[in-house]
Amino acid sequence: MNSNDPTPADLVQGLAEEYAAFADLIEPLSEAEWSAPTRCTGWEVRDVAGHVTLGAVESLDGTIGERSPDEQAKALRGSSPAEVAGLLRGAAPRLIRFLSGLDEQAWRSPSPVPGRTIFNGVLTLWYDAFVHTDDVLVALGRLRRRGAGLAAAVAWLRQELHRLGRGPLRLELDGLPSQQIGTGGPVITADPMDFVMAASGRSDPAAIGADRTLNVHLLP
């Protein structure tokens, strides 16, 4: 954790709000909307929803990381929007209650996913829910949203770039404090959403003056 990361309390509140908003988004979708293609290769809206929902469910039962994102997406493909929203609404509050009871030492302890702490794992869930909400909104042609989830996504991507040994790099993103990956390096000046899209592989990093290694999903 550093000064640019959310506090554990902010993290818990932000994740709770993100999950509630996601359930509200998917529950009333029509069959055509549920089957709409997204920018996630091979995934329809239903697949994005299944992945996000099972991220919460499997974090609660301790099996997170045992299934790939594609396996999670496939698992709920036959469910309706209301069924998936109901599953998320059942799991998310229980997960939030559990996280709310963690002390500082617990937040720093290893998560079930190798190489991640509990803090980073929960931040991963928030990042994942935020960017996939954006995937759904774009697929449906709806107004995109920002809020606290955008800063959380930037924080996760900064941590992930550091974990992957990328950089050095300095981030000067509109409306956010300066953030550093490594020491020195080029400066990326951009809108935070443009950075998130580039670093998550959803747009070309060259558009914000970065090279392809900014994409955290790029294999070594």
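A short tour of the structure in this document, coming up. Just so it is clear, the model here is predicted, and its values are computed rather than measured. (Residues numbered from 1 in each chain as written. Predicted model: local features only at pLDDT ≥ 70, side-chain atom pairs only at ≥ 80, totals over all residues. Heavy atoms only, no water.)

1. Some thoughts on the pattern of salt bridges
Where charged atoms from two side chains of opposite charge come close, those side chains can pair.
1) Next: If you walk through the whole model with that rule in mind, you get 19 salt bridges.
2) Next: Residue Glu44 pairs with Arg46 through a salt bridge whose shortest N-O separation is 3.1 Å.
3) Next: Glu44 sits in the partly exposed class, given a relative accessible area of 23%.
4) Next: One salt-bridge network, in which partners are shared between bridges, spans Glu31, Glu44, Arg46, Asp47 and Arg77. (Salt bridge = Lys/Arg side-chain N within 4 Å of Asp/Glu carboxyl O. Buried < 20%, exposed > 50% of the residue type's maximum accessible area, 1.4 Å probe, protein only.)

2. Topic: the sheet that holds strand 3 (residues 187–190)
Backbone-to-backbone hydrogen bonds join strands into a sheet, with any given pair of strands oriented parallel or antiparallel.
1) Next: If you trace the three strands from one edge of the open sheet to the other, you get 2-1-3, paired in mixed fashion. Among the strands making up the open sheet, the edge pair consists of strand 2 (179–181) and strand 3. The sheet shows a mean angle of 20 degrees between the axes of neighbouring strands, direction not considered.
2) Next: The sheet strands contacting helix 8 (residues 148–163) are strand 1 (169–173) and strand 2, and the helix crosses strand 2 at an angle near 20 degrees. (Pairing = 2+ DSSP bridges. Helix = DSSP H or I, 4+ residues; strand = E, 2+ residues; numbered from the N terminus. Axes fitted to C-alpha atoms, helices over the stretch in contact; angles between N-to-C directions. Contact = heavy atoms within 4.5 Å.)

3. Re the packing of helix 1 (residues 8–26) against helix 5 (residues 81–100)
1) Next: Direction vectors running N to C along helix 1 and helix 5 enclose 170 degrees, while the axes themselves pass 9 Å from each other. Judged by the inter-axis angle, helix 1 sits roughly antiparallel to helix 5. Residues Val12, Leu15, Ala16, Tyr19, Phe22, Ala23, Asp24 and Ile26 of helix 1 pack against Pro81, Val84, Ala85, Leu88, Arg89, Ala92, Leu95, Ile96, Leu99 and Ser100 of helix 5.
2) Next: Grouping the amino acids of the contact of helix 1 with helix 5 by side-chain chemistry returns 15 nonpolar, one polar and two charged. (Parallel < 35°, antiparallel > 145°, perpendicular 65-115°, else oblique. Nonpolar A, V, L, I, M, F, W, Y, C, P; charged D, E, K, R; others polar.)

4. A closer look at the packing of aromatic side chains
1) Next: Evaluated as defined, the whole model comprises two aromatic pairs.
2) Next: Centroid distance Tyr127 to Trp156: 4.1 Å. Interplanar angle 20 degrees. Geometry classified as stacked. Note that Tyr127 is positioned in helix 7 (residues 118–140) and Trp156 in helix 8, a separation of 29 residues in sequence. Residues Tyr127 and Trp156 agree in their burial class; the two are buried. (Phe/Tyr/Trp six-rings, centres within 6.5 Å; stacked < 30°, edge-to-face > 60°.)

5. Some remarks on the environment of Leu99
1) Next: Locating Leu99 in the fold gives a position in helix 5.
2) Next: Taking relative accessible area as the criterion, Leu99 reaches 3% and is therefore assigned buried.

6. Describing the packing of helix 8 against helix 9 (residues 192–199)
1) Next: Interaxial distance between helix 8 and helix 9 falls to 10 Å at its minimum, and their mutual angle equals 40 degrees. The pairing of helix 8 with helix 9 is recorded here as oblique in orientation. For helix 8 against helix 9, the interelement crossing comes out left-handed. In this structure, helix 8 uses Leu150, Ala153, Val154, Leu157 and Leu161 to contact helix 9, whose residues at the interface are Pro192, Met193, Phe195, Val196 and Ala199.
2) Next: Counted by class, the contact of helix 8 with helix 9 contains 10 nonpolar, no polar and no charged residues. (Left-handed = near helix turned anticlockwise from the far one by under 90°.)

7. Let's talk about the layout of surface pockets
1) Next: Looking at the largest pocket, its volume works out to about 1200 Å³.
2) Next: Lining the largest pocket we find 43 residues, and of these His51, Pro69, Gln72, Thr124 and Asp128 sit closest to its centre.
3) Next: The set of elements that each furnish at least two residues to the lining of the largest pocket consists of helix 3 (45–61), helix 4 (69–75), helix 5, helix 7 and helix 8.
4) Next: No other element matches the nine residues that helix 7 contributes to the lining of the largest pocket.
5) Next: Along the lines of polarity and charge, the residues of the lining of the largest pocket split into 20 nonpolar, 15 polar and eight charged. (1 Å grid on protein atoms, 1.4 Å probe; cavity = no way out; pocket = protein on both sides within 12 Å on 5 of 7 lines; lining within 4 Å. Points joined across faces, edges and corners; volume = space filled by probe spheres on them.)

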